[in-house]
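Working through the structure, step by step
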Amino acid sequence: MFSRTVFQATRQAARRPSPFLTPFSLAPSSVSQRRLLSDVVRQAIDKAVSSAPVVLFMKGTPETPQCGFSRASIQVLGLQGVNPEKFAAYNVLEDQELRNGIKEYSDWPTIPQLYVDKEFVGGCDIIVSMHQSGELAKMLEEKGVVVKEEGSNESKPE
Amino acid sequence: MAQSAITEDTLRAALVERLQATHVEIQDMSGGCGQAFTSLIISPQFTGKTSLKRHRLVNTALRDEIAQIHAWSARCQTPEEYARDKQKEESSSEGVEGPPLDGTEGGRVEGTTA
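These lines cover the structure that appears in this document, whether it is placed above or below. (Residues numbered from 1 in each chain as written. Chains lettered and ligands numbered in written order. Predicted model: local features only at pLDDT ≥ 70, side-chain atom pairs only at ≥ 80, totals over all residues. Heavy atoms only, no water.)

Residues and elements named next belong to chain B. Overall, the coordinates contain eight salt bridges over all chains when judged by the stated rule. Here Glu-65 makes a salt bridge to Arg-18, at a shortest N to O gap of 3.1 Å. A residue pair is termed long-range when its members are at least 10 positions apart, and Glu-65 in helix H3 (residues 63–68) and Arg-18 in helix H1 (residues 8–19) qualify at 47 residues. By relative accessible area, which is 13% here, Glu-65 ends up buried. Judged by relative accessible area, which is 37%, Arg-18 ranks as partly exposed. Salt bridges linked by common partners bring Arg-84, Asp-85 and Lys-88 together as one network. (Salt bridge = Lys/Arg side-chain N within 4 Å of Asp/Glu carboxyl O. Helix = DSSP H or I, 4+ residues; strand = E, 2+ residues; numbered from the N terminus. Buried < 20%, exposed > 50% of the residue type's maximum accessible area, 1.4 Å probe, protein only.)

Given below as structure tokens:
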């Protein structure tokens, strides 16, 4: 099943040193109060967004999502056959600054959030509806981020 | 006046007023706390906009409300799309889609999107 590939991806991502550890622990608490999102946090998120072609900010991990919407999103990416080597997931529950910062960074009030090639795609509603319409399969294929499986057409609705 | 609680009615009223929504279905998916909602929003303001832009319009219109609740989900359609879906329903056995329930367990959310 394809879903396994995404799960493996995050094990890899989890082994990678988190870009958030250092910047966030160094984040000065006295940054200008008008700016909610400090440069340090913004740079850490920039780095996370660029860490793989497909990046999901979620609650929990792909193996153990902590929210139904994050679970639905990871399931869709699994069904789409996203290549684990081209995927990274970040658990916002592990870092309060990431959890708050990503909402401002993307100008999007909820988690999960999907980025493809550093571009914000949307949250769970958009991921699921793009999956159902076939748009997501088309986009992921164009970006070359899905595992090619011989004789498989199941990631191509339409 | 004290800030009033967010309910299906306050959300519907806000969407009608701020997005000139012609049809709104709000469903409580909290299974108790009353602070998780899923919605179907029909507004002419969605015409010609991508799904992402439609959701951003809604997020902006309901910025304060969404910040207060625990989970939020939406399906955004133009009146034309909604009418087309309704017509489809009448000519087939497929039901018209209401508010999205993906990510819920039988309409109850587990966890939050906040």
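Picture the strands of a sheet paired through backbone hydrogen bonds; they go either parallel or antiparallel. All names here are of chain A. If you walk across this open sheet you meet the four strands as E2-E1-E3-E4, and the pairing is mixed. Bordering the open sheet on either side are strand E2 (87–91) and strand E4 (119–122), each of which pairs with just one other strand. Adjacent strand axes in the sheet meet at a mean angle of 25° when their direction is disregarded. Where strand E1 (residues 54–58) lies against strand E3 (residues 113–116), four bridges are found, and the strand directions are antiparallel. Its bridge partner lying in E3, Phe-57 is registered against Gln-113. Across the sheet, helix H3 (residues 39–49) touches E1, E2 and E3, and the angle it forms with E1 is around 130°. Contacting E1, E3 and E4, helix H6 (residues 124–133) runs over the sheet at an angle of about 80° to E4. (Pairing = 2+ DSSP bridges. Axes fitted to C-alpha atoms, helices over the stretch in contact; angles between N-to-C directions. Contact = heavy atoms within 4.5 Å.)

Such coordinate-based values are descriptive only and should not be taken to indicate function.
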